[in-house]
Amino acid sequence: GDSVTQMEGPVTLSEEAFLTINCTYTATGYPSLFWYVQYPGEGLQLLLKATKADDKGSNKGFEATYRKETTSFHLEKGSVQVSDSAVYFCALSNFGNEKLTFGTGTRLTIIP
Amino acid sequence: DAGVIQSPRHEVTEMGQEVTLRCKPISGHNSLFWYRQTMMRGLELLIYFNNNVPIDDSGMPEDRFSAKMPNASFSTLKIQPSEPRDSAVYFCASSLGPTGNTEAFFGQGTRLTVV
């Protein structure tokens, strides 16, 4: 079945550091890929997505590129802020089967 | 739109009691999902509906759990009888429909504690 493997946390960085959170997937067909973010006490919200190979999703300074050859969708940001502290989830869904399969989540803490 | 609305936000109940969680999806969304989040198992899909019909309930842990969607604007998740291991945050989410690339919008969750 479909699965998502995500970099284990927690991750602690200083403000303005470069961020990478690794995500790889296993799926049949051509899934869509997502990054969701969960701030403390809240539900998940979509951060970015990519629906086909070589697509790059971007939002709020975060980027991720859909790499079919390496089955990866790594999340990056050039300069993190304290407000980026949250839990980040990588996820996929397959066409015609819209349920999302999530990774385990990576807790990110940014210190001033 | 107010987004996905869940109630209650917090629920504390005693073991053996019935618990009902409620969800109002975003108007116009055709699909609704119930997820459970725990530290040990992360996010698990319990069940999802499309056009009020249950499509996949393979994630429902056991017969103590049941979910209904009587109309397009309301869904419930019921646990009867509840057990301490059911303690978790339960999320409801909705999306436009089964194209595989539409965004799911999550509610703020119900934190359930069974003592």
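### Quick notes on the pairing of strand β5 (residues 42–50) of chain B
Residues and elements named next belong to chain B. Of all nine residues that make up β5, nine are buried, and the element is covered over most of its length. Here strand β4 (residues 31–38) pairs with β5 via eight bridges, running antiparallel. Its bridge partner being in β5, Trp34 is matched across the sheet by Ile47. Summarising the sheet, β5 and strand β6 (residues 53–56) pair through three bridges and their orientation is antiparallel. Along β6, the bridge assignment pairs Asn50 with Val53. Taken together, β5 and the strand that follows it, β6, pair antiparallel across an intervening segment of two residues, in which Asn51 is found at a positive phi of about 50°.

### A word on the interface of chain B and chain A
Taken residue by residue, the interface counts 24 residues in chain B and 21 residues in chain A. Roughly 1,700 Å² is buried in total at the junction of chain B and chain A, and carbon and sulfur atoms are behind 53% of that figure. The tally of links from chain B across to chain A stands at one salt bridge. With a shortest N-O distance of 2.7 Å, Asp56 of chain B and Lys99 of chain A are connected by a salt bridge. Summed over the shared surface of chain B and chain A, the number is five residue pairs in polar contact (both at pLDDT 80 or more). Those elements giving two or more residues to the side of chain B that touches chain A turn out to be β4, β5 and β9 (88–95) of chain B.

### Focus on the layout of surface pockets
In this structure, the largest pocket spans a volume of roughly 820 Å³. Every residue lining the largest pocket is counted, 35 residues in all, and those nearest its centre are Gln38, Val87 and Arg107 of chain A together with Gln37 and Met39 of chain B. Elements with a contribution of two residues or more to the lining of the largest pocket: β10 (86–94) and β12 (106–111) of chain A together with β4, β9 and β11 (110–114) of chain B. Among the elements that make up the lining of the largest pocket, the one with the highest residue count is β12 of chain A (four residues). Residues that form the lining of the largest pocket fall into these classes: 13 nonpolar, 16 polar and six charged. Considered as a void within the structure, the second largest pocket measures approximately 260 Å³ in volume. Residue lining of the second largest pocket: 15 residues in total, with Lys99, Leu100, Thr101 and Phe102 of chain A together with Leu45 of chain B positioned closest to the centre.

### A look at the sheet that holds strand β3 (residues 19–21) of chain A
Residue and element names in this part refer to chain A. Overall, antiparallel pairing links the four strands, which are arranged β3-β9-β8-β7 in an open sheet. Of all strands in the sheet, those bounded by a partner on one side alone are β3 and β7 (56–59). Neighbour-to-neighbour, the strand axes of this sheet turn through a mean angle of 15°, independent of strand direction. Across four bridges, the pairing between β7 and strand β8 (residues 62–65) is antiparallel. Considered in β8, the bridge of Ser58 is made with Glu63.

Calculation rules
Residues numbered from 1 in each chain as written. Chains lettered and ligands numbered in written order. Predicted model: local features only at pLDDT ≥ 70, side-chain atom pairs only at ≥ 80, totals over all residues. Heavy atoms only, no water. Buried < 20%, exposed > 50% of the residue type's maximum accessible area, 1.4 Å probe, protein only. Helix = DSSP H or I, 4+ residues; strand = E, 2+ residues; numbered from the N terminus. Pairing = 2+ DSSP bridges. Contact = heavy atoms within 4.5 Å. Buried area = accessible area lost by both parts, 1.4 Å probe. Salt bridge = Lys/Arg side-chain N within 4 Å of Asp/Glu carboxyl O. Polar contact = N/O pair within 3.5 Å; in protein donor to acceptor, adjacent residues only side chain to side chain. 1 Å grid on protein atoms, 1.4 Å probe; cavity = no way out; pocket = protein on both sides within 12 Å on 5 of 7 lines; lining within 4 Å. Points joined across faces, edges and corners; volume = space filled by probe spheres on them. Nonpolar A, V, L, I, M, F, W, Y, C, P; charged D, E, K, R; others polar. Axes fitted to C-alpha atoms, helices over the stretch in contact; angles between N-to-C directions.

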